Amino acid sequence: MSKLEKIENINIDKLYNDVADLIERAKIKVVSHVNTEFVILNWNIGNRIKNELLGNKKPDYGKKVIKNLSKQLIEKYGRGYSYSNLYRMLQINEDFSDFENFATMSQKLSWSHFVEIVKIDTDIKRKFYATMCMNENWSVRTLKERIDSALFERTAISKKPEQTIKNDLQLLTDENKMTSDLFFRDPYILDFLELKDTYSEKDLENAIIKELEKFILEMGNDFAFLTRQKRITIDGRDYYMDLLFYHRKLKRLVIIELKLDEFKPEHKGQVELYLKWLDKYEKAEGEETPVAIILCATKSDMMTELLGLGNSGIHVAQYITNYVPKELLEEKFLSSIRNAKIQLEQRCNNEEKE
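The structure displayed is predicted, hence computed values, not measured ones. Position labels on residues start from 1 in each chain and follow its written sequence. In keeping with the model being predicted, local features are shown solely for residues with a pLDDT of at least 70 and side-chain atom pairs are shown and tallied solely at 80 or more, while totals for entire chains, interfaces and linings include all residues. In computing side-chain values, all of the structure's heavy atoms are included and hydrogens and water are not.

Draft legend 1. The overall build of the protein chain, seen in detail. Helix numbers and strand numbers start at the N terminus; a helix is a DSSP run of H or I with at least 4 residues, a strand a run of E with at least 2. Along the backbone of the protein chain there are 15 helices and 6 strands. Partly exposed describes any residue whose relative accessible area lies between the buried limit of under 20% and the exposed limit of over 50%, with all areas from a 1.4 Å probe on protein chains only and scaled to the type maximum. A burial count over the protein chain gives 40% of its 354 residues as buried. Contacts: residue pairs with any heavy atoms within 4.5 Å of one another. Across the protein chain, every contact between residues at least 6 apart in sequence was considered, and the portion connecting residues at least 24 apart equals 62%. Throughout, the Shrake-Rupley method with a 1.4 Å probe supplies accessible areas, and for residues the shown protein chains are the sole cover considered. When the accessible area of the protein chain is evaluated, it comes to approximately 21200 Å², of which 50% is carbon and sulfur surface.

Below is the structure:
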């Protein structure tokens, strides 16, 4: 092959790669546009049905209208307009009544996402899952897994007043800023680690590294793994942090310490030392103060409250390595949320009296 032919081949290869890239990007845009139009079409169908039903309080009127409409639509457009699908369009239109907001969401969420979100029982939880889904680009499968694992109830924000939850979600949507309450969870579900009945802290750490992708999905997509067994030396003595991550939206380093037994007061002192060291020697310009998560088998809520861990940037959470039915998780977390809100109300009442 002559030198000229080689140059021509190189030029053709580059031309091919450039054109192929243009085609692939256009295909993605076409698919995204089609999805958006499909989602908005379904919202509009639901809106038209809703307007038809307004003011008519006759028993079963709505069911008859949707049933007859479905029958005619199926004859011309197929099974996509079944009774259940039309009812879902109506339901989604009612739950997401603000068209401008819905149109914005439709650019990131598919119809299948909305179908899963609308099954959620409260408005604030629907808003939470929709916002987190858009923010972390969850697939429909991941969304289902997050709902089944009671992610909302496990997130610290669930124990806050509803207006605080809305404000934090709006901040994430408008400014791409995540508060620590949206970041911290308790417990963390690590049932994918496939640990044996007995294991050491080293085994737990190795299992996390092996399943790092799944671990980060459970912790949150904005985590970036930095290193394990980070060594620091103070007064000639070596100390080792179990796992060190960076959280992009929080813009801060995150230590994860693993404990096989229950949380103990001395764990606070150990982790505080690590945080002070990172803040002094590792924190880059523009970053926030580092925080830590202590993952332990069990913990006492009273002890963590008395130690004032929230003020020190340390979050203590349990981890679960075995599958737990969703119903049991929800029962436990709803009780925890109720207790937290009662304590918050009592605190506010005491402050007003003072």
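Draft legend 2. Summary view of unusual backbone geometry. Residue Asn176 is not a glycine yet carries a positive backbone phi of 60 degrees. For Gln229, which is not glycine, the phi torsion reads 50 degrees and is therefore positive. Its relative accessible area of 28% is what places Gln229 among the partly exposed residues.

Draft legend 3. Main features of the environment of Trp111. Among the secondary structure elements, Trp111 is positioned in helix 5 (residues 111-117). Along the backbone, Trp111 and Thr36 are 75 residues apart, and their C-alpha atoms lie at a distance of 8.6 Å. Beyond its immediate stretch of four places on either side in the chain, Trp111 contacts Asn35, Phe38, Val39, Asn42, Trp43, Met89, Ile92 and Phe102.

Draft legend 4. Region of the structure containing the pairing of strand 4 (residues 252-258). Taking burial as the measure, the 7 residues of strand 4 include 7 buried ones, the bulk of the element. The side-chain alternation of strand 4 yields two buried faces, one formed by Arg252, Val254, Ile256 and Leu258 and the other by Leu253, Ile255 and Glu257. With 5 bridges connecting them, strand 3 (residues 237-247) and strand 4 associate as antiparallel partners. Across the sheet, the residue bridging to Phe245 is Val254, located in strand 4. Two strands qualify as a pair provided DSSP detects at least 2 bridges between them. If you look at the hairpin formed by strand 3 and strand 4, you'll find 4 residues sitting between the two strands, and Lys251 has a positive phi there, around 55 degrees. Looking at chain direction, strand 4 and strand 5 (residues 291-296) are connected through 5 bridges and run parallel. Bridged to Ile255 within strand 5 is Ala292. Between strand 4 and its parallel partner strand 5, the chain crosses via helix 13 (residues 265-281), and the hand of that crossover is right-handed. Orient the strands so they point away from the viewer; a crossover is then right-handed if the path from the first strand over the helix to the second runs clockwise.

Draft legend 5. Geometry of the side chain of Ser149. Of note, Ser149 is situated in the loop between helix 7 (140-148) and helix 8 (151-154). Distance and chemistry together define a polar contact, namely a pair of N or O atoms within 3.5 Å, with one atom able to donate a hydrogen and the other to accept it when in protein, and with adjacent residues in sequence counting only for side-chain atoms on both sides. There is a polar contact of 3.1 Å between the side chain of Ser149 and the backbone oxygen of Arg146.

Draft legend 6. A look at the packing of helix 2 (residues 61-77) against helix 3 (residues 83-95). An axis is simply a line fitted to the C-alpha atoms; with a helix, the fit covers only the stretch in contact. Between two such axes, the angle follows the N-to-C directions and lies from 0 to 180 degrees. Interhelical geometry of helix 2 versus helix 3 gives an angle of 120 degrees and a closest axis separation of 9 Å. When the axis of helix 2 is compared with that of helix 3, the two are oblique. The element helix 2 and its partner helix 3 pack so that their crossing is right-handed. For the pair helix 2 and helix 3, the contacting residues are Lys63, Ile66, Lys67, Leu69, Ser70 and Leu73 in the first and Tyr83, Leu86, Tyr87 and Leu90 in the second. Any residue outside Ala, Val, Leu, Ile, Met, Phe, Trp, Tyr, Cys, Pro, Asp, Glu, Lys and Arg is labelled polar, Gly included; the first ten of those are nonpolar and the last four are charged. Residues belonging to the contact of helix 2 with helix 3 are distributed by class as follows: 7 nonpolar, 1 polar and 2 charged. Should an angle lie under 35 degrees it is considered roughly parallel, over 145 roughly antiparallel, and from 65 to 115 roughly perpendicular; all remaining angles are considered oblique. When the near helix sits turned anticlockwise from the far one by under a right angle, the crossing is termed left-handed; a clockwise turn instead gives a right-handed crossing.

Draft legend 7. Fine view of helix 11 (residues 201-210). Those residues of helix 11 not exposed but buried are Leu204, Glu205, Ala207 and Ile208. Projected down its long axis, helix 11 carries its buried residues within an arc of 160 degrees, all on one side. Those residues of helix 11 that are buried lie in contact with helix 12 (212-219), strand 2 (223-234), strand 3, strand 4 and strand 6 (314-320). For this quantity, the arc is that covered by the directions from the helix axis to the C-beta atoms.

Draft legend 8. Structural context of the sheet that holds strand 1 (residues 188-189). Reading across from one edge, 1-6-5-4-3-2 is the order of the 6 strands in this open sheet, with mixed pairing throughout. Each of the sheet's edge strands pairs with one partner strand only, and the pair in question is strand 1 and strand 2.

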